Each structure stands twice: as structure tokens, then as C-alpha cells.
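An overview of the molecular structure
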Amino acid sequence: MTELRRATLEHLPATVAKPDYDLDELHCGVVHFGVGAFHRAHQAVYFDRLLAAGHLDWALWSGSVAGRQEDR
């Protein structure tokens, strides 16, 4: 499985939606700890819509106090 990150966006199939906003113009507006399934299924959709509407100060920085899944 391909990890989803900036460097792999161009390798995704055409059927996968990709950001249409300039990723280099984003500014962190939210720090989110413990990004899990709820965030990916619900909150991330709203942040993406804000960014797509031109609100580039709502970019998200995520982190985990538990470390990476593969490190556990």
C-alpha cells in the first residue's frame, strides 16, 4: 500500500481525488493530537473543504504522543 503524503500524490490513480489548492501556501491553524479513524472519516473532510474554499490558514498539523503505529 502506498503511504499518502505529498511525494506520493502524483502516483495515485486518476480516480482518487487530490487537493486542488497549493500545498506550499498552507499555514497551520490547528494542531491535532491522536489523529485516528474518527478524524480521517469526519474532521479531515471539513478541513479539506475549508482549504479548497481558499481558507489556507486552516491547515492541520497532526501528531501522536504514542508514536508511529509501526513502532509499537
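The coordinates are above.
So, a few notes on the structure that sits alongside this text. Remember, it's a predicted structure, so these values are computed and weren't measured experimentally. (Residues numbered from 1 in each chain as written. Predicted model: local features only at pLDDT ≥ 70, side-chain atom pairs only at ≥ 80, totals over all residues. Heavy atoms only, no water.)

Topic: the overall build of the protein
Looking only at helices and strands, the protein has 1 helix and 2 strands in total. Listing every helix and strand of the protein by position from the N terminus yields β-α-β. With the principal axes as the frame, the protein shows a C-alpha extent of 35 × 30 × 20 Å. Within the span of the protein, comprising 72 residues, buried residues form 14% of the whole. Here the protein contributes 7 positively and 10 negatively charged side chains, and the mean placements of these two sets differ by 8 Å. (Helix = DSSP H or I, 4+ residues; strand = E, 2+ residues; numbered from the N terminus. Buried < 20%, exposed > 50% of the residue type's maximum accessible area, 1.4 Å probe, protein only. Lys, Arg positive; Asp, Glu negative; His and termini not counted. Charge placed at Lys NZ, Arg CZ, Asp CG, Glu CD.)

A look at the side chain of Thr8
Take Thr8: it is sitting in the segment before β1 (28–33). At a separation of 2.9 Å, a polar atom in the side chain of Thr8 contacts the main-chain carbonyl oxygen of Arg5. The contact partners of Thr8, leaving out residues within four places of it in the chain, are Thr2 and Glu3. (Polar contact = N/O pair within 3.5 Å; in protein donor to acceptor, adjacent residues only side chain to side chain. Contact = heavy atoms within 4.5 Å.)

Quick look at a nonpolar patch on the surface
A cluster of nonpolar side chains, namely Val31, Phe33, Trp61 and Val65, defines an oily patch on the protein surface of about 490 Å² accessible area. Position of Trp61 relative to the elements: it lies in strand β2 (residues 59–63). (Patch = residues over 30% accessible without salt bridge, like charges linked within 9 Å, V, L, I, M, F, W, Y side chains within 5 Å. Areas by Shrake-Rupley, 256 points an atom, 1.4 Å probe, with all protein chains shown as cover. Salt bridge = Lys/Arg side-chain N within 4 Å of Asp/Glu carboxyl O.)

Some words on the environment of Asp57
For Asp57, the position within the fold is in the loop between α1 (37–52) and β2. Residues Asp57 and Gly29, spaced 28 residues apart in sequence, show a C-alpha to C-alpha distance of 5.4 Å. Excluding residues within four positions of it along the chain, Asp57 makes contact with His27, Cys28 and Gly29.

Interpretation in functional terms is not warranted from these geometric data alone.
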